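# Chain and residue survey
If you want the building blocks of each chain, they are given just below.
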Amino acid sequence: MLGSHHAQKARDLSCGDFLQASGVSVPCYEIGGDYFDLVSLDRALCLLAIADVSGKGPPAALRATMVHGIIHAAARHSKELPVLMRTANQCLRARGGDNCFVTAFLATLDSRGWLRYSNAGHNPALWIQSDGCVTELAEGALPLGLMDNVSYPEAVLQLAPRTGRSRKAAARAQDAVE
C-alpha cells in the first residue's frame with residue numbers, strides 16, 4: 001500500500017506566465033485533511049495555499065474540500081491575504097462545525113519576485129536562498145475557525161531576481177504520524 005502512494009505522479013501547478021511548479025500529496029492514510037494548491041490570480045500573480053484541517057479520514061477530507069472552495073471563491077473577490085484569511089476564518093466559524101480548525105499558509109508571488117504571505121497557525125514555510133541561508137516565514141496568527149474577529153497580518157519579502165540559472169523553490173508540509 002505504501003508503495004502505491006510513492007508512485008503518484010506530480011500534478012502540474014504552473015501558474016501565470018512566470019512560474020512552473022508541480023506537486024504531489026502523499027497522505028498518511030488513504031485520505032485526510034491536507035490541502036495545497038497554486039492558483040493563477042492573473043498573468044502576473046499566483047496564490048499558494050497550504051492547509052491542514054483538524055481531524056482525520058473522510059470528515060477531514062470533506063472539510064479540506066470546503067477550504068479549497070472558500071479560498072478559490074474568496075480569491076475571485078480579493079487578492080489581499082488578510083482579507084482571504086479573514087473570509088476563510090468567518091466561513092469556517094459559520095460552517096465548520098464544532099472542534100473544526102484549519103492551519104493555513106497563504107502566499108502570493110508576483111512576476112517581479114515579490115512574495116506576500118500570512119500564516120494561520122501552520123508550520124512556518126521556509127525560504128531557502130541560493131547561498132543556503134534559511135528563513136522561517138512565520139508571520140501570522142491563530143488557526144482558522146477558532147475565534148471570531150482575528151486579524152491576520154501579512155509580511156512581504158523580495159525574492160532574488162532570476163539569474164541565468166533556473167530558480168527553484170520548494171514548499172513542504174509535513175505532519176507527524178500519531
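Anything mentioned here points back to the structure above.
Below or above, wherever it landed, is the structure these notes cover. Bear in mind that the values here come from a model prediction, so they are computed numbers and not experimental data.

Thresholds, definitions, all that
- Residues numbered from 1 in each chain as written.
- Predicted model: local features only at pLDDT ≥ 70, side-chain atom pairs only at ≥ 80, totals over all residues.
- Heavy atoms only, no water.
- Helix = DSSP H or I, 4+ residues; strand = E, 2+ residues; numbered from the N terminus.
- Contact = heavy atoms within 4.5 Å.
- Areas by Shrake-Rupley, 256 points an atom, 1.4 Å probe, with all protein chains shown as cover.
- Core = buried A, V, L, I, M, F, W, Y, C linked by side-chain atoms within 4.5 Å.
- Buried < 20%, exposed > 50% of the residue type's maximum accessible area, 1.4 Å probe, protein only.
- Patch = residues over 30% accessible without salt bridge, like charges linked within 9 Å, V, L, I, M, F, W, Y side chains within 5 Å.
- Salt bridge = Lys/Arg side-chain N within 4 Å of Asp/Glu carboxyl O.

Scanning the protein from terminus to terminus reveals three helices and 10 strands. Secondary structure elements in the protein, listed N-terminal to C-terminal, are α-β-β-β-β-α-α-β-β-β-β-β-β. In the protein, 56% of the contacts between residues at least 6 apart in sequence involve partners at least 24 apart. Taken as a whole, the protein presents about 10,900 Å² of accessible surface, with 53% of it coming from carbon and sulfur.

With that out of the way, let us pick up the nonpolar core. Counting 27 residues, the largest nonpolar core has Leu-47, Val-67, Leu-106 and Leu-144 as the members making the most contacts within it. Elements supplying a minimum of two residues to this core: β3 (34–42), β4 (45–53), α2 (57–75), α3 (81–95) and β5 (102–110). Per element, the largest residue contribution to this core is six residues, and it comes from α2. Apart from the residues lying within four places of it in its own chain, the contact partners of Leu-106 are Leu-47, Leu-48, Ala-49, Ile-71, Leu-81, Leu-84, Met-85, Arg-116, Tyr-117 and Ser-118.

Right, let's get into a nonpolar patch on the surface. On the surface, Phe-101, Leu-142, Leu-146 and Met-147 cluster together into a nonpolar patch covering about 330 Å² of accessible area. With respect to the element layout, Leu-142 can be found in the loop between β9 (140–141) and β10 (155–158).

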